[in-house]
Amino acid sequence: MLSAKIRRSAAWGGVVATLTGAWVLGGAGTANAAGFHTANVQVNVRTGPSTSHRIIQVLPARSVVNIVCQTEGERVTGTYGTSAIWDKLSNNGFVSDTNVNTGSDGYIPGSPRCSGSPS
């Protein structure tokens, strides 16, 4: 468990660590947030940031997910409140941020925004 918040950023060439996960540099200059847990419920992974998008996977409760970026989508209510923020995972699927314990009430500080996300 990380006990301190560390933030260093240079056009996503750095690392941002939080109590629940860490941003790590991936290939081709992309950043991924590793180690965030989903809520204590099953979570639907969808093809886009809304409940009208097709479900491509169902994650078991308390799954660990890697977030590539965050985007605005359909406003939904989940375990951690109501929000229009959706997290794009490393498998290219989307989950509502309301079902991921990111340690942030809103966008994760320093997280990249998804570009060209389906709506």
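Residues numbered from 1 in each chain as written. Predicted model: local features only at pLDDT ≥ 70, side-chain atom pairs only at ≥ 80, totals over all residues. Heavy atoms only, no water.

Draft legend 1. Spatial organisation of the state of the cysteines. Summed over all chains, the structure comprises 1 disulfide. Here C69 engages in a disulfide with C114; their sulfurs sit 2.0 Å apart. Here the S-S torsion is close to 100°, and the disulfide linking C69 with C114 is therefore right-handed. Of this pair, C69 sits in strand 7 (residues 64-78) while C114 is found in the segment after strand 10 (100-101), placing the two residues 45 residues apart along the sequence. Under the relative-accessibility criterion, C69 is labelled buried at 7%. (Disulfide = S-S within 2.5 Å. Helix = DSSP H or I, 4+ residues; strand = E, 2+ residues; numbered from the N terminus. Buried < 20%, exposed > 50% of the residue type's maximum accessible area, 1.4 Å probe, protein only.)

Draft legend 2. Structural detail: the pairing of strand 7. Relative to strand 8 (residues 81-89), strand 7 runs antiparallel, the two being bridged by 8 bridges. Bridge pairing in strand 8 links T71 to W86. Hairpin geometry of strand 7 and strand 8 is characterised by an intervening segment of 2 residues between the two adjacent antiparallel strands. (Pairing = 2+ DSSP bridges.)

Draft legend 3. Here's a closer look at the nonpolar core. Listed in full, the 10 residues of the largest apolar core are F36, V43, V45, L59, V65, I67, L89, V95, V100 and I108. Broken down by secondary-structure element, the contributors of at least two residues to this core are strand 5 (43-46) and strand 7. The residues touching V95, leaving out its near neighbours within four places in the chain, are V43, N44, V45, W86, D87, L89 and V100. (Core = buried A, V, L, I, M, F, W, Y, C linked by side-chain atoms within 4.5 Å. Contact = heavy atoms within 4.5 Å.)

Draft legend 4. Structural view of unusual backbone geometry. Of note, R62 is a non-glycine position whose phi angle comes to about 60°, a positive value. Assignment of secondary structure puts R62 in the loop between strand 6 (55-59) and strand 7. The class for R62 is partly exposed, based on a relative accessible area of 43%. If you check the backbone angles, N92 has positive phi at about 75° while not being a glycine. Within the secondary structure, N92 is located in the loop between strand 8 and strand 9 (94-96).

Draft legend 5. Geometry of the packing of aromatic side chains. All chains considered together, the criterion is met by 0 aromatic pairs. We note R113 situated over the ring of Y107; from NZ or CZ to the ring centre the distance is 3.8 Å. (Phe/Tyr/Trp six-rings, centres within 6.5 Å; stacked < 30°, edge-to-face > 60°. Lys NZ or Arg CZ within 6 Å of the ring centre and 35° of its normal.)

Draft legend 6. Up close: the side chain of R46. By secondary structure assignment, the location of R46 is in strand 5. No salt bridge is formed by the buried R46; the nearest opposite charge belongs to E74, separated by 6.8 Å. In this structure the side chain of R46 is engaged in a polar contact, spanning 2.9 Å, whose partner is the backbone oxygen of T51. From its side chain, R46 meets the backbone oxygen of H53 in a polar contact 2.7 Å long. Ignoring anything within four residues of it in the chain, the contact list for R46 reads T51, H53, R54, I55, I56, W86, G93 and F94. (Lys, Arg positive; Asp, Glu negative; His and termini not counted. Salt bridge = Lys/Arg side-chain N within 4 Å of Asp/Glu carboxyl O. Polar contact = N/O pair within 3.5 Å; in protein donor to acceptor, adjacent residues only side chain to side chain.)

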